[in-house]
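# Architecture at a glance
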Amino acid sequence: MQETIQKFYGYAIQYGMSVIAAIVIFILGRMVAKFAANLVEGSMRQAKIDRTLASFGRHLVFYGIMTFVCIAALNKLGVETGSFIAVVGAASLAVGLALQGSLANFASGVMLILFQPFKVGDVIDAGGAQGVVEEIQIFSTVIITNEKKRVIVPNSKITGDKITIDPR
């Protein structure tokens, strides 16, 4: 019995310090991630960048840093992280390929919001639709035609072709 207790204390000391260090890494890493995310969002808002884009940037920074923090904490626990990093990379590639069209629409939406070639209320001919711009969304633009039909055009179609703006 004495020998079992000695082994338990030995393991507790050996692995307990690793567990405590991993918890400290996670807590400090989370604090750094929150600080960096809030800093990015604040900077983007101060630069008068769209609120939707600023919020997206904040989440992107937070989860990106938290991914590295989790990998570092697992590594401190003794978990082999090389294969984990490979799996995360492969999953990211698969998701990126699956969302290729959506990502193109998102990137085009960001370009439309930042560069503002047209605004809500303008009469445009873009992406195969002609009419008054009702709303510019992050993935698509809503256009009301002369026949009062609502046309939703993917943003990548708008930025990938010519845009004619009626100078009314």
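Keep in mind it's a predicted model, so treat the numbers as computed, not measured.

A tally of regular secondary structure across the protein gives 5 helices and 5 strands. Of the regular secondary structure in the protein, the N- to C-terminal order runs α-α-α-α-β-β-β-β-α-β. For 168 residues, the compact-globule estimate of 2.2 N^0.38 gives 15 Å, and the protein exceeds it by more than 25% at 25 Å. Across the 168 residues that make up the protein, the buried fraction comes to 25%. Measuring between centres, the 15 positive side-chain charges of the protein sit 6 Å from its 11 negative side-chain charges.

Attention now moves to the packing of aromatic side chains. Two aromatic rings are characterised by how far apart their centres lie and by the angle between their planes. With the rule as written, the count across this model stands at 3 aromatic pairs. Their ring planes at 50° and their centres at 4.7 Å tell us that Phe56 and Phe106 sit as a pair that is tilted. Residue Phe56 is located in helix 2 (residues 51-76), and its partner Phe106 is located in helix 4 (residues 100-115); the two are separated by 50 residues in the primary sequence. Overall, the relative accessible area of 38% leaves Phe56 in the partly exposed class.

Once that is clear, we can look at the sheet that holds strand 3 (residues 140-144). Taken together, 5 strands build an open sheet; the order of strands is 4-3-2-1-5 and the sheet is antiparallel. Every interior strand has two partners, whereas the edge strands, strand 4 (150-154) and strand 5 (163-166), have only one. Strand after strand, the sheet turns through a mean of 45° between neighbouring axes, direction not considered. In this structure, strand 3 lies alongside strand 4, joined through 5 bridges in antiparallel fashion. If you follow Ile144 over to strand 4, its bridge partner there is Arg150.

Moving on, we get to helix 1 (residues 2-46). If you check helix 1, its first and last C-alpha atoms are 65 Å apart, about what 45 residues at 1.5 Å a residue would give, namely 66 Å. Those residues of helix 1 that fall on the buried side of the exposure criterion are Ser18, Ala22, Gly29, Ala33, Ala36, Ala37, Glu41 and Met44. Packing partners of the buried residues in helix 1 comprise helix 2. Backbone geometry just after helix 1 places Lys48 at a positive phi near 65°.

Parameters and conventions
- Residues numbered from 1 in each chain as written.
- Predicted model: local features only at pLDDT ≥ 70, side-chain atom pairs only at ≥ 80, totals over all residues.
- Heavy atoms only, no water.
- Helix = DSSP H or I, 4+ residues; strand = E, 2+ residues; numbered from the N terminus.
- Rg over C-alpha atoms; globule rule 2.2 N^0.38 Å.
- Buried < 20%, exposed > 50% of the residue type's maximum accessible area, 1.4 Å probe, protein only.
- Lys, Arg positive; Asp, Glu negative; His and termini not counted.
- Charge placed at Lys NZ, Arg CZ, Asp CG, Glu CD.
- Phe/Tyr/Trp six-rings, centres within 6.5 Å; stacked < 30°, edge-to-face > 60°.
- Pairing = 2+ DSSP bridges.
- Axes fitted to C-alpha atoms, helices over the stretch in contact; angles between N-to-C directions.
- Expected span 1.5 Å × (residues − 1).
- Contact = heavy atoms within 4.5 Å.

In short, the description is geometric, and any link to function would need to be established separately.
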